[in-house]
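Tertiary structure, described
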Amino acid sequence: MRIARARTPDGVREGEYRNGTLVADDAEYEVDEGDLLPPCDPDALFCVGRNFAATLDQMDYERPEEPDFFIKPPHSVVGHRDPIPYPEWTEELTYAGELVAVIDEPCSDLAPEAVPDAVRGYTIMNDVDALDQQGRTARKAFTASGPLGPWIETDVDPTAMDMHTDVAGERRQEANTELMLFDPHEIVSYLSRRFEFRAGDCVAFGSPANPGVVEPGDVVDITYEGVGTLANEVVDRT
């Protein structure tokens, strides 16, 4: 099932998304993709880096002994089809297509085998990175640096999922989640021992090889099999 949030004549509503129709508890709404909002409202986006061996080789990173994570703030979240403004203070803006787990209810100290029951479903994030800035927070934690959507898919296995990323119609990334160094259940369990998750929090599992540069006018389409496609255009801030 696809769970979405959207603008409707009755305000922001959440429900099951069925081919252009949002089915809420007490009403149905015809919505287009431009009406979709981020599918959840996280207090934090917990993002794991260096989780694909090919990315380590490409970026000349050392292999981590445990999940290597950072946090994006709620300010970074925008939705499907929302623009990504190109910041005036960077000359090297990059994309990275990532699978994301959405936490269902407050929880902590999860064993890996308990993770599926704690996760509401999966969505997609573009980990936008101002690569020429100093330090991970300056690079990755800014307004619109975490496009998220288009919806939450509740019935999908995250451990063997094909993905690809197209930029301006050109295939830039192609991989499978089985190539992760730490699988999604391991990562959520690991982080749950350090944080008490809140409902709607997000855990992103890292990007396959070939995260690359984008320019104003580029549309980034990130597809994860069984989930959907997150699409956002990079725009000139001016």
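Residues numbered from 1 in each chain as written. Predicted model: local features only at pLDDT ≥ 70, side-chain atom pairs only at ≥ 80, totals over all residues. Heavy atoms only, no water.

Attention now goes to the sheet that holds strand β19 (residues 228-236). The sheet built from five strands is open, its strands ordered β9-β19-β18-β15-β16 with mixed pairing. Two strands in the sheet have a free side with no partner beyond their single neighbour: β9 (84-86) and β16 (170-176). Taken over all neighbouring pairs, the strand axes of this sheet differ in orientation by 20° on average, direction set aside. Direction of pairing for strand β18 (residues 219-224) relative to β19: antiparallel, over a ladder of six bridges. (Pairing = 2+ DSSP bridges. Helix = DSSP H or I, 4+ residues; strand = E, 2+ residues; numbered from the N terminus. Axes fitted to C-alpha atoms, helices over the stretch in contact; angles between N-to-C directions.)

A complete count under the given rule lists zero disulfides for this structure. Residue C40 stays outside any disulfide, its sulfur separated by 3.5 Å from that of C202, the closest cysteine. Given a relative accessible area of 8%, C40 falls into the buried group. Here C47 is not cross-linked by a disulfide; its sulfur's nearest cysteine counterpart is in C202, at 8.6 Å. (Disulfide = S-S within 2.5 Å. Buried < 20%, exposed > 50% of the residue type's maximum accessible area, 1.4 Å probe, protein only.)

To continue, consider the nonpolar core. Counting residues in hydrophobic clusters, the biggest one holds 42 residues, and the most contacted among them are L93, V188, F197, V203, F205 and Y224. Tallying contributions element by element places helix α4 (residues 184-192) first for this core, with four residues. Once residues within four sequence positions are removed from consideration, F197 is found in contact with F46, I103, E105, P106, C107, V188, L191, S192 and V203. If you look at the next biggest cluster of nonpolar residues, it comprises 13 residues, including C40, M125, L148 and C202. (Core = buried A, V, L, I, M, F, W, Y, C linked by side-chain atoms within 4.5 Å. Contact = heavy atoms within 4.5 Å.)

For the peptide bond that leads from G149 to P150, omega is 5°, which places it in the cis range. Along the chain, the position of P150 falls in strand β14 (residues 146-153). A positive phi angle is found at N19, which is not glycine, with a value near 50°. Of note in this structure, R50 is not a glycine but carries a positive phi near 55°.

Okay, the pairing of strand β2 (residues 11-18) next. Alignment of strand β1 (residues 2-8) against β2, held across six bridges, turns out to be antiparallel. Along β2, the bridge assignment pairs A6 with R13. Between β1 and β2, which pair antiparallel in sequence order, lie two residues. Pairing analysis gives three bridges linking β2 to strand β3 (residues 21-23), with the strands arranged antiparallel.

Another aspect to go through is the packing of aromatic side chains. Scanning the entire structure with this criterion turns up six aromatic pairs. Note on F69 and Y190: the rings are 6.4 Å apart at their centroids and 70° apart in plane angle, and the pair reads as edge-to-face. With F69 in strand β7 (residues 68-72) and Y190 in helix α4, this residue pair connects regions lying 121 residues apart in the sequence. Between F69 and F195, the ring centres sit 5.8 Å apart and the planes meet at 85°, which makes this aromatic pair edge-to-face. Linking F69 in strand β7 with F195 in the loop between α4 and β17 (202-204), this pair joins segments that are 126 residues apart in sequence. Residue classification places F69 among the partly exposed positions, given a relative accessible area of 26%. By relative accessible area, F195 is classed as partly exposed at 26%. Stacked on the ring of Y190, the Lys or Arg R194 has its end atom at 3.7 Å from the ring centre. (Phe/Tyr/Trp six-rings, centres within 6.5 Å; stacked < 30°, edge-to-face > 60°. Lys NZ or Arg CZ within 6 Å of the ring centre and 35° of its normal.)

Glancing now at α4. For α4, the tally of buried residues reaches seven of nine residues, placing the bulk of the element in the interior. Buried positions along α4 lie against β6 (45-49), β7, β11 (97-103), α2 (115-118) and β17. Residue D183 occupies the N-cap position of α4, its side-chain oxygen lying 2.9 Å from the main-chain nitrogen of H185. (Polar contact = N/O pair within 3.5 Å; in protein donor to acceptor, adjacent residues only side chain to side chain.)

Attention now moves to the pattern of salt bridges. Scanning the model with the defined rule gives 15 salt bridges in all. For R120, the salt bridge is made with E14, and the minimal N-O distance between the two is 2.8 Å. Separated by 106 residues along the polypeptide, R120 in strand β12 (residues 119-126) and E14 in strand β2 bring together distant segments of the chain. Overall, the relative accessible area of 27% leaves R120 in the partly exposed class. For D68, the salt bridge identified is with R136, shortest N-O distance 2.7 Å. Here the residue D68 occupies a position in strand β7, and R136 occupies one in helix α3 (residues 136-140), the gap between them amounting to 68 residues. One salt-bridge network, in which partners are shared between bridges, spans K72, D127, D129, R139 and K140. (Salt bridge = Lys/Arg side-chain N within 4 Å of Asp/Glu carboxyl O.)

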